[in-house]
Amino acid sequence: MIDKAQYLVKKEPFYQPQRNEVELFEAAYRNRLPVMVKGPTGCGKSRFVEYMAWRLGKPLITVACNEDMTASDLVGRYLLESNGTRWQDGPLTLAARIGAICYLDEIVEARQDTTVVIHPLTDHRRTLPLDKKGELVEAHPDFQLVISYNPGYQSLMKDLKQSTKQRFAGFEFDYPQPELETTILAKETGLDETTAAKLVKLGVTARNLKGHGLDEGISTRLLVYAATLIKDGVPPHDACRMALVQPITDDADIRDTLEHAIDATFA
């Protein structure tokens, strides 16, 4: 017997709504529509899904997708044991059986021949064929599939097929507005709002460099890291270099630009 309780999000995750995404997700869940969440890295996609699972009181099973992931990693496989073989459900099959929200994070990192296995679960059939086992799993009434990815990393080799995209209702996330992002940093870390606002100003500066030397701007996640370090007593200049500059670029000119911005902000 599977214990659903072990997959529940027991403590409320901190999440600050940007618009009406909470109400829209609840509507999608009431109708068991599969959901796609798009947005840049570190903008709060995974936190949003975690928060919604907690809010709805539903188990959450998360899969971090990667290019080596096979269909068997999702649906399950036979395991060889001393007494023979034993079938072990994969996370997607487990979620379908127990009525969990299954969250496939950064789904474009997985091969397209792997992600095609989700198709029968995302239309009127709501079934999952286990070909190796000869079983057709009918999804629990509470089951929902959620996927996420960063459109900024799309390429011809890393994108979802239209046959996959058009099975989902979609949300598009972006970094919060400065005032809201300041509030998020302060509430998440306990940092004073004045210093949090300075960090957000740095984040906005770096995001303006996207496409001009940076592949991606400073994420809200990295701003939280910097705020956490400052709250712990690390000098702001050191915290910002450690959390905001070193992780995002190896280009000396871009580093100099960001460090000048840090010096000006925390003069």
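Figured I'd write up the structure that's included with this text. Per chain, residues are indexed from 1 in the order of the written sequence. In keeping with the predicted nature of the model, local features appear solely for residues at pLDDT of at least 70, side-chain atom pairs appear and are counted solely at 80 or more, and the whole-chain, interface and lining totals rest on all residues. With hydrogens and water stripped out, all remaining heavy atoms of the structure feed into the side-chain values.

## Concerning the overall build of the protein
Line of reasoning, step 1. If you tally the helices and strands in the protein, you get 11 helices and nine strands.
Line of reasoning, step 2. Principal axes of the C-alpha set define a box for the protein whose edges measure 65 × 40 × 35 Å.
Line of reasoning, step 3. We call two residues contacting when some pair of their heavy atoms lies within 4.5 Å. Across the protein, contacts joining residues at least 24 apart in sequence account for 71% of those joining residues at least 6 apart.
Line of reasoning, step 4. Throughout, the Shrake-Rupley method with a 1.4 Å probe supplies accessible areas, and for residues the shown protein chains are the sole cover considered. When the accessible surface of the protein is totalled, it reaches about 13600 Å², and 50% of it is carbon and sulfur. A run of H or I in DSSP counts as a helix once it spans at least four residues, and a run of E counts as a strand once it spans at least two, with each numbered from the N terminus.

## So, helix α10 (residues 236-245)
Line of reasoning, step 1. Here α10 has its buried residues at Ala239, Cys240, Ala243, Leu244 and Val245. Seen from one end, α10 has its buried residues packed into an arc of 160°, which puts them on one side.
Line of reasoning, step 2. Buried residues along α10 sit in contact with α8 (193-207), α9 (220-231) and α11 (252-265). Burial here depends on accessible area, computed with a 1.4 Å probe over protein chains only, as a share of the maximum for the residue type. Under 20% is buried, over 50% is exposed, and the range in between is partly exposed. This arc is taken over the directions from the axis of the helix to the C-beta atoms.

## Thoughts on the nonpolar core
Line of reasoning, step 1. Note on terminology: a nonpolar core comprises buried Ala, Val, Leu, Ile, Met, Phe, Trp, Tyr and Cys residues joined through side-chain atoms within 4.5 Å. Counting 32 residues, the largest nonpolar core has Leu74, Leu92, Leu104, Ile107, Ile118, Phe143 and Leu145 as the members making the most contacts within it.
Line of reasoning, step 2. At the level of elements, β2 (60-64), α3 (71-75), α4 (91-98), β5 (101-105), β6 (127-130) and β8 (144-149) are the ones that each hand at least two residues to this core.
Line of reasoning, step 3. Residues Leu191, Leu199, Leu214 and Ile230 belong to the second largest nonpolar core, which totals 26 residues.

## What to know about the sheet that holds strand β9 (residues 169-172)
In sheet architecture, strand pairing relies on hydrogen bonds along the backbone and comes in two forms, parallel and antiparallel.
Line of reasoning, step 1. For two strands to pair, DSSP has to find at least two bridges joining them. As summarised here, the arrangement of the five strands in space is β2-β5-β8-β1-β9, forming an open sheet in which the pairing is parallel. On the outer flanks of this sheet lie β2 and β9, each paired with one strand and no other. For this sheet, the mean inter-axis angle between neighbouring strands, taken without regard to orientation, is 20°.
Line of reasoning, step 2. Relative to β8, β5 runs parallel, the two sharing four bridges. The residue of β8 that forms the bridge with Leu104 is Ile147.
Line of reasoning, step 3. Geometry is summarised by axes, namely lines fitted to C-alpha atoms with helices restricted to the contacting stretch, and by angles between N-to-C directions that run from 0 to 180 degrees. Against the sheet, helix α1 (residues 21-30) engages β1 (35-38), β5, β8 and β9, with an angle of about 140° to β8.
Line of reasoning, step 4. The strands that helix α2 (residues 45-56) touches are β1, β2, β5 and β8; relative to β5, the one it contacts most, it runs at about 175°.

## Overview of the packing of aromatic side chains
Line of reasoning, step 1. Each Phe, Tyr or Trp ring (for Trp, its six-membered ring) is paired with any other whose centre lies within 6.5 Å, and the angle between the two planes then decides the class: stacked below 30 degrees, edge-to-face above 60, tilted in between. A full pass over the atoms with the stated rule returns eight aromatic pairs.
Line of reasoning, step 2. A connected cluster of aromatic rings, assembled from ring pairs, spans Tyr15, Phe25, Phe48, Tyr51, Trp54, Phe171 and Phe173.
Line of reasoning, step 3. Remark: a charge is flagged as sitting over a ring if the NZ atom of Lys or the CZ atom of Arg is within 6 Å of the ring centre and within 35 degrees of the ring normal. The cationic tip of Arg32 hangs over the ring face of Tyr29; the distance from NZ or CZ to the ring centre is 4.0 Å.
Line of reasoning, step 4. Over the aromatic face of Tyr175 sits the side chain of Arg207, whose NZ or CZ is 4.0 Å from the ring centroid.

## Here's the deal with the side chain of Gln144
Line of reasoning, step 1. Tracing the sequence through the fold places Gln144 in strand β8.
Line of reasoning, step 2. In protein, a polar contact means a hydrogen-donor-capable atom and an acceptor-capable atom, both N or O and within 3.5 Å, with residues adjacent in sequence counting only if both atoms are side-chain atoms; elsewhere, any N or O pair within 3.5 Å suffices. One polar contact links the side chain of Gln144 to the main-chain carbonyl oxygen of Leu33, over a distance of 2.9 Å.
Line of reasoning, step 3. Among residues more than four places away in sequence, those in contact with Gln144 are Phe25, Ala28, Tyr29, Leu33, Val35, Ala100, Ile101 and Cys102.

## Let's talk about α4
Line of reasoning, step 1. α4 sits mainly inside the fold: six of its eight residues count as buried.
Line of reasoning, step 2. Buried within α4 are the following residues: Leu92, Thr93, Leu94, Ala95, Ala96 and Ile98.

## Thoughts on the packing of α9 against α10
For any two helices packed against each other, one specifies the inter-axial angle together with the distance between the axes.
Line of reasoning, step 1. For the pair α9 and α10, interaxial distance at closest approach is 9 Å and the crossing angle is 150°. Considered as vectors, α9 and α10 are oriented roughly antiparallel to each other. Between α9 and α10 the crossing geometry is right-handed. For the pair formed by α9 and α10, the contact residues are Leu222, Leu223, Tyr225, Ala226, Leu229 and Ile230 on the first element and Pro236, Ala239, Met242, Ala243 and Leu244 on the second.
Line of reasoning, step 2. Residues that form the contact of α9 with α10 fall into these classes: 11 nonpolar, no polar and no charged. Reported orientations rely on four angle classes, namely roughly parallel under 35 degrees, roughly antiparallel over 145, roughly perpendicular from 65 to 115, and oblique for the rest. Put simply, a crossing is left-handed when the front helix is turned counterclockwise from the back one by less than a right angle, and right-handed when it is turned clockwise. Note on residue classes: Ala, Val, Leu, Ile, Met, Phe, Trp, Tyr, Cys and Pro are nonpolar, Asp, Glu, Lys and Arg are charged, and everything else, Gly too, is polar.

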